[in-house]
Amino acid sequence: QAPRSRVVLLSGAASGAISRTCVAPLERAKIELMVGRFMAAPTASLDASRQRASTIRSHIMQGNANALKLRSRTITLPPKPRVVGTNVISVLRQVVRTEGWRGLLRGNTLNVLRIAPTKAVELAVWEKFRSSKGGRTLTPRERVVGGSFASMLGTAVTHPIDTVRTRATIGQGGGADPWRHCLVIARTEGVKGFFRGFVPNLVRVAPYGAVNYGAYDILQTGYKKFRKFTGQPPANPAGLENALWGGLSGAMAQTVVYPIEMLQRRMQASTGQGISFGVASLRELVAREGVGVLYTGLSSNYAKTIPAAAIGWWSYEVIKDMLEEKEKNQK
């Protein structure tokens, strides 16, 4: 029997709030790594002796007879930015050093206000889509369509909150006050400012939802069939296996869409014309900062994505089961 819409909405909102609050410091670190705010002054050159040795080796390999003359020269490269916060630990240390422990939770209130309705809508659409198929196992195509549509609809509803949260998290312009950011965006950028990065956000969540919901459904359905085949009782909704399926599906989905999310965050953080969305913008970023910029902070992001997805799916199943049981007892 399909769960009632009210149960799904409440369960989805509560699970989203719980999971994001648990990983709020890691979410802060992820956004800081994406927008590259913790940058030190550029260094003028690389170590001269090390660079001379590298150049000499290069010339020797090319058969240059004048290679030894380079020993008396100093090779200077163009200035290159030196990144101070290169991983989640270093970023979190800088946040605590400059803002105190409360800085680790900056933007979490807005994140909860965003993720609660987002997850409520997503899961309501997903459960409705599954129930419309008569309880049968979904085909791969149906999982892609259902997951993508659920994520896109849930994200579209709360994108303005996400834009304000990004600005408040990095403290740009209006500091950490979200209401001040709302005023600044409205005055300087208009309504369009709240929807900066909207297109890449939808492009990001479509494959994310397809992979996240699809993978979770495959893993959970397969596990239920395995227990039935082996003669075991039905799985407990509070079982930690749901956390495992959620963590795995979240990690797979994040890996697929991370470059798009990185570009979206850059767009939301910019206050002027800034960065536009498209292949050209990705190429420009790669040319300026290297291919690695597309996955800057991905490894540390796993530390946030996996527990967030695990806690989210597990708490959703637990809360949904509790609410359904309560409604049954009231009848």
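Residue indices begin from 1 for each chain and proceed along its sequence in written order. Per-residue local features are limited, in this predicted model, to residues with pLDDT of at least 70; the limit for side-chain atom pairs, both in listing and counting, is 80 or more; totals at the level of whole chains, interfaces and linings are taken over all residues. Think of the side-chain values as coming from all heavy atoms in the structure, minus any hydrogens and water.

A few points about the nonpolar core
Note that soluble globular proteins tend to have their nonpolar side chains buried in a common cluster. Going by this rule: Nine residue types can take part in a nonpolar core, namely buried Ala, Val, Leu, Ile, Met, Phe, Trp, Tyr and Cys, and a core is a set of them joined through side-chain atoms within 4.5 Å. Buried, partly exposed and exposed residues are distinguished by accessible area as a fraction of the type maximum, computed with a 1.4 Å probe on protein chains only: under 20%, between the cut-offs, and over 50%, respectively. Put simply, DSSP marks the helices as runs of H or I at least four residues long and the strands as runs of E at least two long, and each gets a number from the N terminus on. It only takes one pair of heavy atoms within 4.5 Å for two residues to be counted as in contact.
One finds Val8, Leu123, Val125, Trp126, Phe129, Leu138, Ala150, Tyr213, Tyr216, Trp245, Trp313 and Tyr316 forming the largest nonpolar core, which totals 12 residues. Listed by contribution, the elements that provide at least two residues to this core are α5 (108-131), α9 (198-229) and α12 (298-330). Sort the elements by how many residues they give to this core and α5 lands first, with 4 residues. Once residues within four sequence positions are removed from consideration, Trp126 is found in contact with Leu138, Arg143, Gly146, Gly147, Ala150, Tyr213 and Asp217. Of all hydrophobic cores here, the second largest spans 7 residues; its members include Ala29, Val88, Val91 and Leu104.

Structural notes on the pattern of salt bridges
Stated precisely, the cut-off is as follows: When a carboxyl oxygen of Asp or Glu is within 4 Å of a side-chain nitrogen of Lys or Arg, the pair counts as a salt bridge.
Applying the stated criterion across every chain yields a total of 15 salt bridges. A salt bridge links Lys119 to Glu122; its shortest N-O distance comes to 3.3 Å. Remark: Glu122 and Lys119 occur in helix α5; sequence separation between them is 3 residues, near one turn of the helix. Each member of the pair, Lys119 as well as Glu122, is classed as buried. Arg167 is the partner of Glu189 in a salt bridge, and the nearest nitrogen-oxygen pair spans 3.1 Å. Placement of Glu189 in the loop between α7 (178-188) and α8 (191-194) and of Arg167 in helix α6 (residues 140-170) is noted, with a sequence separation of 22 residues between them. The residues Glu189 and Arg167 share a single accessibility class, namely buried. Each of Glu127, Arg130, Arg143, Asp217, Glu317 and Lys320 takes part in a single network of salt bridges with overlapping partners.

Notes on the packing of helix α2 (residues 24-35) against helix α4 (residues 88-99)
Filter applied, for reference: Only C-alpha atoms enter the line fits that serve as axes; for helices the fit covers just the stretch in contact. Angles between N-to-C directions range over 0 to 180 degrees. Should an angle fall under 35 degrees it is taken as roughly parallel, and over 145 as roughly antiparallel, whereas 65 to 115 is taken as roughly perpendicular and any remaining angle as oblique. Each residue is assigned to one class: nonpolar for Ala, Val, Leu, Ile, Met, Phe, Trp, Tyr, Cys and Pro, charged for Asp, Glu, Lys and Arg, and polar for all the others, Gly among them.
Close contact between α2 and α4 brings their axes to 9 Å; oriented N to C, the two are set at 100 degrees. Here α2 is positioned roughly perpendicular relative to α4, judged by the angle of their axes. When α2 is examined against α4, the residues Pro25, Leu26, Arg28, Ala29, Glu32 and Leu33 are found in contact with a partner set consisting of Val88, Val91, Leu92, Val95 and Glu99. For the contact of α2 with α4, the per-class residue count stands at 8 nonpolar, no polar and 3 charged.

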